[in-house]
Amino acid sequence: MDDDLALPADTLAILNEFLAERSKREAEEEDRIVNQDGKEATFEENWQLSQFWYSKKTKLAVRDIVAKLLKEQTGDQEACNYRIALLSCPSLYKDIKYIYEHVSIFEYDERFAAYGNDFVHYDINCIDGNPDYLINHHKRYDLIIADPPFLSQECIGKISEIILKLQRSASKSKLIFCSGEVVEPWLSARLPVHKCNFRPEHERNLGNEFVSYANFHLDNYI
């Protein structure tokens, strides 16, 4: 019976190669977490957590937007105090970190603890009935870039509530929100943003139409 169920040799070789490669990636990720390799750490997408990495073109475009916003800071003290928060968009971290030091990455996935003190573990569901959630980060951030994990009204509402708490200033803090076109009515009801022409792209083609939203003239920075 066991002989009847045995895989052909070529199929078994492919399977073993796949399992060995996966085991190697998992070991490398575990090593990065233990050793906290900072911005050099890279990670595979976890589709179960709705993770989809941006394309290189998009990552560089966002990096350049950030660079232009940083140049607008008028004084040395103002520039040094400028704080950036990345909410559920970890693939942007490395390129932004290369050009600016003060970047916090808010993630549910604890693999990103490899980024050391820049990592902030958060769960959007914890905001329910908890106005002090993430209180150490309230009113601290001048630029927030967010890409919520799910295209649902509930998710948009919760991440919007978190964003409002993290903004240093409701009138001055900049917000870039990347998500599906379908979320526009829910998002605009919660945050003072408008849809922009800039369209973020992903390494893998997604079924949903992705767009960007901002509370400033984002397209002027492209």
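Thresholds applied
Along each chain, residues carry numbers from 1 onward, in the same order as the chain's sequence is written. Note on the predicted model: pLDDT of at least 70 is required for a residue's local features to be given, and 80 or more for side-chain atom pairs to be given and counted; whole-chain, interface and lining totals, by contrast, use all residues. Values shown for side chains rest on all heavy atoms present in the structure; no hydrogens or waters enter the calculation. Helix and strand definitions here come from DSSP, where helices need a minimum of 4 consecutive H or I residues and strands a minimum of 2 consecutive E residues; each element is numbered from the N-terminal end. Burial classes follow relative accessibility: with a 1.4 Å probe on protein chains only, a residue under 20% of its type's maximum area counts as buried, one over 50% as exposed, and anything between as partly exposed. His is not counted here, nor are the chain ends, while Lys and Arg score as positive and Asp and Glu score as negative. Salt-bridge detection follows one rule: a side-chain nitrogen of Lys or Arg within 4 Å of a carboxyl oxygen of Asp or Glu. For the purposes of these results, a polar contact is taken to be a pair of N or O atoms within 3.5 Å, where, inside protein, one atom must be able to donate a hydrogen and its partner to accept one; residues adjacent in sequence count only when each atom of the pair is a side-chain atom. Here a residue-residue contact requires only that any non-hydrogen atoms of the pair lie within 4.5 Å. Between the rings of Phe, Tyr and Trp (Trp by its six-membered ring), a pair exists once the centres lie within 6.5 Å; its type follows the angle of the planes, with under 30 degrees stacked, over 60 edge-to-face, and the other angles tilted. Here, a charge over a ring is recorded when the distance from Lys NZ or Arg CZ to the ring centre is within 6 Å and its angle to the ring normal is within 35 degrees. pLDDT is a per-residue confidence score from the predictor, ranging from 0 to 100.

## With respect to unusual backbone geometry
- With phi around 60 degrees, Leu 134 is a residue other than glycine that occupies positive phi space.
- Among the structural elements, Leu 134 can be located in the loop between β3 (119-121) and β4 (143-146).
- Even without being a glycine, Lys 139 presents a positive backbone phi close to 55 degrees.
- Among the secondary structure elements, Lys 139 is positioned in the loop between β3 and β4.

## Observations regarding the side chain of Asp 123
- Examined against the element boundaries, Asp 123 turns out to sit in the loop between β3 and β4.
- For the buried Asp 123, no salt bridge exists, and the shortest N-O distance to an oppositely charged side chain is 7.2 Å, to Lys 158.
- A polar contact of 3.0 Å, which involves the side chain of Asp 123, links it to the backbone nitrogen of Asn 125.
- Apart from the residues lying within four places of it in its own chain, the contact partners of Asp 123 are Tyr 108 and Tyr 133.

## Side note on the side chain of Ser 179
- Mapped onto the elements, Ser 179 comes out in strand β5 (residues 174-180).
- With relative accessibility at 0%, the residue Ser 179 sits in the buried group.
- The contacts of Ser 179, once residues within four sequence positions are left out, are Pro 148, Leu 151, Ile 156, Glu 209, Phe 210, Val 211 and Tyr 213.

## Here we look at the packing of aromatic side chains
- Taken as a whole and judged by the stated rule, the model has 7 aromatic pairs.
- With 6.2 Å between their ring centres and 75 degrees between their planes, Trp 53 and Phe 112 make a pair best called edge-to-face. One end of the pair, Trp 53, is in the loop between α2 (9-35) and α3 (56-71); the other, Phe 112, is in the loop between β2 (103-107) and β3, and 59 residues separate them in sequence.
- Residue classification places Phe 112 among the buried residues on the basis of a relative accessible area of 2%.
- When the centroid spacing of 5.7 Å and the interplanar angle of 80 degrees are considered together, the rings of Phe 106 and Tyr 141 count as edge-to-face. In this pair, Phe 106 sits in strand β2 while Tyr 141 sits in the loop between β3 and β4, placing the two residues 35 residues apart along the sequence.
- On the accessibility criterion, Phe 106 (0% relative accessible area) is buried.
- The structure contains a cluster of three or more aromatic residues connected by ring pairs, namely Trp 53, Tyr 93, Phe 112 and Tyr 115.
- Stacked on the ring of Phe 216, the Lys or Arg Lys 174 has its end atom at 5.8 Å from the ring centre.

## As for the pattern of salt bridges
- Counting across every chain of the model gives 10 salt bridges.
- For Arg 63, the salt bridge goes to Asp 64, with nearest N and O atoms at 3.0 Å.
- Accessibility expressed as a relative area gives 33% for Asp 64, which makes it partly exposed.
- Taken together, the shared-partner salt bridges in this structure form one network comprising Lys 97, Glu 101 and Asp 118.

## Here we look at the confidence of the model for the chain
- On average, the chain scores 85 in pLDDT, and the residues at 70 or more come to 75%.
- Here residues 32-36 scores under 50 on pLDDT; set against residues more than four positions off or in separate chains, the count is 12 contacts.

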